[in-house]
Amino acid sequence: SQKIEQNSEALNIQEGKTATLTCNYTNYSPAYLQWYRQDPGRGPVFLLLIRENEKEKRKERLKVTFDTTLKQSLFHITASQPADSATYLCALYTGTASKLTFGTGTRLQVTL
Amino acid sequence: DVKVTQSSRYLVKRTGEKVFLECVQDMDHENMFWYRQDPGLGLRLIYFSYDVKMKEKGDIPEGYSVSREKKERFSLILESASTNQTSMYLCASSFGGGLNEKLFFGSGTQLSVL
């Protein structure tokens, strides 16, 4: 079955450093991969989408890479701030076109 | 901005009760979804709908049913609530069914079944 794995342990980093979160998937070849942010008690919010033929995508302090050979996406936040503290989820369409499957998410904590 | 509104933030029900969770979106989206989120298990798809009166089972449909009588409204029904249905329920919508469609989520309903 398809698996989408994210590091379940929280990632703690110091303000100003770059945070790197990992998403690995198996048994599927997605054309697109998405990243979402979720704050406690709230629904996820879409951040970025990357296509299989894009190696890298940037949006302000965010950068996403997509390696279809390794079946891995990396999500980077540069110059991290305490306001970046949240859980970050990766997601991709599996099976039918309408079915978006999520990883379990990685909680990021940025400290002063 | 797209708004997805879930009727309740917190809900406490008793075992065996029939529970309705309501979701409304205001952007004329074709697709609507119900997920549940549990610690360590992440988001799991219960049901989705790609058109009025149409529904498809997700990964964990057992114990749930859905209703979509109008395009903007998608209801999740727990016919006889059980304690293992205590969870955060998240409704989402998307414009269409393409592989690049992003989802817009509501704020969630934290359901406790006692």
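Read on for a plain summary of the structure. As the structure is a computational prediction, the values presented were derived from the model and not from experiment.

### Points about the sheet that holds strand β8 (residues 73-78) of chain B
Residue and element names in this part refer to chain B. Spatially, β1-β3-β8-β7 is the arrangement adopted by the four strands of the open sheet, whose pairing is antiparallel. Each of the sheet's edge strands pairs with one partner strand only, and the pair in question is β1 (4-6) and β7 (64-70). Here the strands of the sheet are splayed against their neighbours by 20 degrees on average, with no regard to which way each runs. Direction of pairing for β1 relative to strand β3 (residues 19-25): antiparallel, over a ladder of three bridges. Bridge pairing links Val4 to Gln25 in β3.

### Things to note about the side chain of Gln34 of chain A
With respect to the element layout, Gln34 of chain A can be found in strand β4 (residues 32-38). Gln34 of chain A gets classed as buried once you look at its relative accessible area, which sits at 1%. From its side chain, Gln34 of chain A meets the backbone oxygen of Glu101 of chain B in a polar contact 2.7 Å long. Other than its neighbours up to four places away in sequence, Gln34 of chain A contacts Phe46, Leu48, Leu49, Leu89, Cys90, Ala91, Tyr93 and Leu100 of chain A together with Asn100, Glu101, Lys102 and Leu103 of chain B.

### Quick notes on the state of the cysteines
Within this structure, the stated rule accounts for two disulfides over all chains. Disulfide pairing is shown between Cys23 of chain A and Cys90 of chain A; the S-S distance is 2.0 Å. Here Cys23 of chain A and Cys90 of chain A share a disulfide; its torsion about the S-S bond, 70 degrees, makes the bridge right-handed. Of this pair, Cys23 of chain A sits in strand β3 (residues 19-26) while Cys90 of chain A sits in strand β9 (residues 86-93); the two residues are 67 residues apart in sequence, bridging distant segments of the chain. Both residues of the pair, Cys23 of chain A and Cys90 of chain A, count as buried. A disulfide bridge connects Cys23 of chain B with Cys91 of chain B, and the sulfur atoms are separated by 1.9 Å. Between Cys23 of chain B and Cys91 of chain B the sulfur-sulfur dihedral comes to about -80 degrees; the bridge is accordingly left-handed. Placement of the pair is Cys23 of chain B in strand β3 and Cys91 of chain B in strand β9 (residues 87-94), with a sequence separation of 68 residues. Neither residue differs from the other here; Cys23 of chain B and Cys91 of chain B are each classed as buried.

### Brief notes about the interface of chain A and chain B
Between chain A and chain B, the contact holds 19 residues from the first and 24 residues from the second. Taken together, both faces of the contact between chain A and chain B bury some 1,900 Å²; the carbon and sulfur share is 56%. For the pair chain A and chain B, the number of links is one salt bridge. With a closest N to O distance of 2.6 Å, Lys99 of chain A and Asp59 of chain B form a salt bridge. For the interface between chain A and chain B, the tally reads eight residue pairs in polar contact (both at pLDDT 80 or more). Element by element, the count of residues in the side of chain A that touches chain B is highest for β4 of chain A, at four residues. Among the residues making up the side of chain A that touches chain B, the classes are represented as ten nonpolar, seven polar and two charged.

Reading guide: rules and limits
Residues numbered from 1 in each chain as written. Chains lettered and ligands numbered in written order. Predicted model: local features only at pLDDT ≥ 70, side-chain atom pairs only at ≥ 80, totals over all residues. Heavy atoms only, no water. Pairing = 2+ DSSP bridges. Helix = DSSP H or I, 4+ residues; strand = E, 2+ residues; numbered from the N terminus. Axes fitted to C-alpha atoms, helices over the stretch in contact; angles between N-to-C directions. Buried < 20%, exposed > 50% of the residue type's maximum accessible area, 1.4 Å probe, protein only. Polar contact = N/O pair within 3.5 Å; in protein donor to acceptor, adjacent residues only side chain to side chain. Contact = heavy atoms within 4.5 Å. Disulfide = S-S within 2.5 Å. Buried area = accessible area lost by both parts, 1.4 Å probe. Salt bridge = Lys/Arg side-chain N within 4 Å of Asp/Glu carboxyl O. Nonpolar A, V, L, I, M, F, W, Y, C, P; charged D, E, K, R; others polar.

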